[in-house]
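A look at the structure
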Amino acid sequence: MKKILSTLAASAILAGTAAAADVSLEFTQGALLAGKNSKTDGTPMDNEYRKLDLNGYMFRTSGDVTFSVSTDDVGVTLTIDPYYEEKGKVADGTGDKTFFSEYYGWVNFFEGQMQLKSGVYETRSLNLMDDGGWNWLDDQYARYKPGVVNGSAAEDIANLTNGKLAMQLSYETDSIYVAGAVVDADGTDGKYGAFDSKAGFAFEFGVAATEDITLSAYLRTLENDKFGFGLFMEHSAFTLKDKEFDVLAGLTLGQTSSSGSSNFEWALDLRAQHELSDTVTLTTMHNLSSSPSQNSAKDNSTYSIWDMASVAVQTSEEITVSFTVEWEYTDLTKGGNGKLDFFPSVTYSPCEGVDLSGGLIIKTSGWSHANNVDYAVPVVLHVAL
C-alpha cells in the first residue's frame, strides 16, 4: 500500500512539474526520392544513383527528435539521432558512439541575467539569416557559417563549442552580453598550452551600440596552438522603402602554429535579408576567405569565394516557394575548381507546427576541368509540438 501511495505521490509531483514547465517536442526526417552523386573529378561513385532511399538524403543519414523541458529558471534539451552512431561525432568515456547528437541543461541566476549551461551543443548568437532554409541541410541553403571557409582555426567562428562537451557561463543585460566557455579539447593529449588541461577556451562579448546595431566579438582557442578571432556588426530592423532590412558584416582572423611554422587565415562576411513585400523575402550571403593553394597546403596566397542568393515567396498561408542559387570557387589560382548549385523548393504547411518540404537540387562543378552535374530530389517532414 505504501508503494502504491509513493508511486501516486511521485506521479502527482511529476504531473505538477510538467504542468508548470514548457514542454516541446520536434521531429525531423529527410528522405531521398532520387539522386546522382559523383566524385569531384566527375567519375562515378560506387553509389552514384539512388532511388527511394528513406535514409539517404544527399547520401547522408538524417532524422532526429528534439525534446525540451524548461521553466523560467531551468531547462534540459535532448536531441536523439537514431543514425548518429554512423556519423560518429560523439563518443562517451568508453569510446562507444552515442545516438545523442545534443544533450544539455541550463540554469538561470539573478532573475535570468546569468546562465550556466553544460553539455554537448552548438551555440551561435549571430543572426545567420538562414531561417528560410532551416528544414534543409546546410549544403543546400547556407553551405557555410560566418568565418574562414574550410579554415583550420577560425571556421564557423561564432560557434563557441563546435558541438563538443562544454560548460558555459553567460551574463546579459539590456546593453551587453558576455559569455565564457570551457570546451573539451580532445586533440590536446592532455595538455593545453602551458596548462595540464584537456579543455580549450572560448569567449564572446556583445554590446548594443544603438537600438538597432549590435557589435559582437568572439575569441576561440579550442585546440592547442589554434587561435581564432571574429568581429561582427549586426543592423536589425533597418527600413528600406518601408520594409525590414537586416545586415550582418564581419571580419575573422585565425592563426595555427605547429612544428615551428605558423599559418595565418582570414575571412570577410556579408549577409543581408530584405522583405521586398509582405510575401516576398530576398536573402543573400557572401564570404571571401584566404585559401590554401592547390600547389601547397601552407600557401594562403589565394582566395575562396562563396555567394548565395535566395528568394522565398509565400503564395498562400500554407505554401511557400523558394529558389536558391549558390556559387563557390575554392581556389582562385589557375586550374581551380568551381561549383554552381540551383535549388528550387516548395514547403507545404497544412497546420501549425507541421511542414512538408520538397525540392530539386542541381549541382554543377568542374568549370576548368571535366564538367559534372549531380542532382537530388529530397523530401523533409518536420513536426513541432
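All of these numbers come straight from a predicted model, not from anything done at the bench.

Rules behind the numbers
Counting restarts for each chain: residues are numbered from 1 in the order of the written sequence. Local features in a predicted model are, by the rule used here, given only for residues with pLDDT of at least 70; side-chain atom pairs are given and counted only at 80 or more, and totals for whole chains, interfaces and linings are based on all residues. Hydrogens and waters are ignored; side-chain quantities use all the structure's heavy atoms. Strands are runs of DSSP state E lasting at least two residues, helices are runs of H or I lasting at least four, and both sets are numbered from the N terminus onward. Each residue is placed in one exposure class: buried if its accessible area under a 1.4 Å probe, protein chains only, is under 20% of its type's maximum, exposed if it is over 50%, and partly exposed if it falls in between. When checking whether two residues touch, look at their non-hydrogen atoms; a contact exists if any pair is within 4.5 Å. For every residue, the pLDDT score states the predictor's confidence, bounded by 0 at the bottom and 100 at the top. Remark: nonpolar core denotes a set of buried residues (Ala, Val, Leu, Ile, Met, Phe, Trp, Tyr, Cys) joined through side-chain atoms within 4.5 Å. Two rings from Phe, Tyr or Trp (for Trp, the six-membered ring) form a pair when their centres sit within 6.5 Å of each other. Planes less than 30 degrees apart are called stacked, planes more than 60 degrees apart edge-to-face, and all others tilted. To sit over a ring, a charge needs its Lys NZ or Arg CZ within 6 Å of the ring centre and within 35 degrees of the ring normal. In the sections that follow, a salt bridge refers to a side-chain nitrogen of Lys or Arg positioned within 4 Å of a carboxyl oxygen of Asp or Glu. Patch definition: residues above 30% relative accessible area lacking any salt bridge, with like charges linked at up to 9 Å and the nonpolar side chains Val, Leu, Ile, Met, Phe, Trp and Tyr linked at up to 5 Å. Under the convention used here, a 1.4 Å probe and the Shrake-Rupley method define accessible areas, while residue burial counts only the protein chains that appear.

Before going further, it helps to spend a moment on the overall build of the protein chain. When helices and strands are tallied, the protein chain shows three helices and 20 strands. Counting over 385 residues, the protein chain shows a buried share of 39%. In the protein chain, the share of contacts with a sequence separation of at least 24, taken over all contacts with a separation of at least 6, comes to 49%.

All right, on to the confidence of the model for the protein chain then. Summing up the model confidence of the protein chain, the mean pLDDT is 78 and the portion of residues at 70 or higher is 70%. Long-range and interchain partners of residues 86–96, a stretch whose pLDDT sits below 50, account for 14 contacts in this model, where long-range means more than four residues apart.

General note: in soluble globular proteins, nonpolar side chains tend to be found buried as a group. With 21 residues, the main nonpolar core has Leu126, Tyr218 and Phe232 as its most contacted residues. Every element with two or more residues in this core is listed here: strand E5 (100–109) and strand E8 (176–184). Counting residues per element, this core draws most heavily on E8, at three residues. Beyond its immediate chain neighbours, meaning those up to four positions away, Tyr218 contacts Ser125, Leu126, Ile157, Ala158, Leu160, Phe203, Glu204, Gly228, Phe229, Gly230 and Phe232. Counting residues in each nonpolar core, the second largest holds seven residues, with Tyr141, Met285, Trp306 and Met308 among its members.

Our next topic: the packing of aromatic side chains. What the rule picks out here adds up to five aromatic pairs. Summarising the aromatic geometry, the rings of Tyr144 and Trp306 are spaced 5.6 Å apart at their centres and angled 85° between planes, so their arrangement reads as edge-to-face. One end of the pair, Tyr144, is in the loop between helix H3 (138–141) and strand E7 (165–172); the other, Trp306, is in strand E15 (residues 302–314), and 162 residues separate them in sequence. Measuring from ring centre to ring centre gives 6.5 Å for Trp327 and Tyr329, while their planes differ by 40°; the resulting arrangement is tilted. Residue Trp327 is classed as partly exposed on the basis of its relative accessible area, which comes to 28%. Among the residues examined, Tyr329 registers a relative accessible area of 15% and is labelled buried. The side chain of Lys117 reaches across the aromatic face of Tyr104, ending 4.5 Å from its centre. The positively charged end of Lys117 is found above the aromatic ring belonging to Tyr121, 4.3 Å away from the centroid.

Applying the stated criterion to the full structure yields eight salt bridges. Ionic pairing is found between Arg124 and Glu122, a salt bridge with its closest N-O pair at 3.2 Å. On the basis of relative accessibility, which here comes to 26%, the residue Arg124 falls in the partly exposed class.

Taken together, Phe27, Ile319, Val321, Val346, Tyr348, Leu356 and Leu381 make up a surface patch of nonpolar side chains, about 510 Å² in accessible area. Among the structural elements, Leu381 can be located in strand E20 (residues 372–384). For Leu381, a relative accessible area of 32% corresponds to the partly exposed category.

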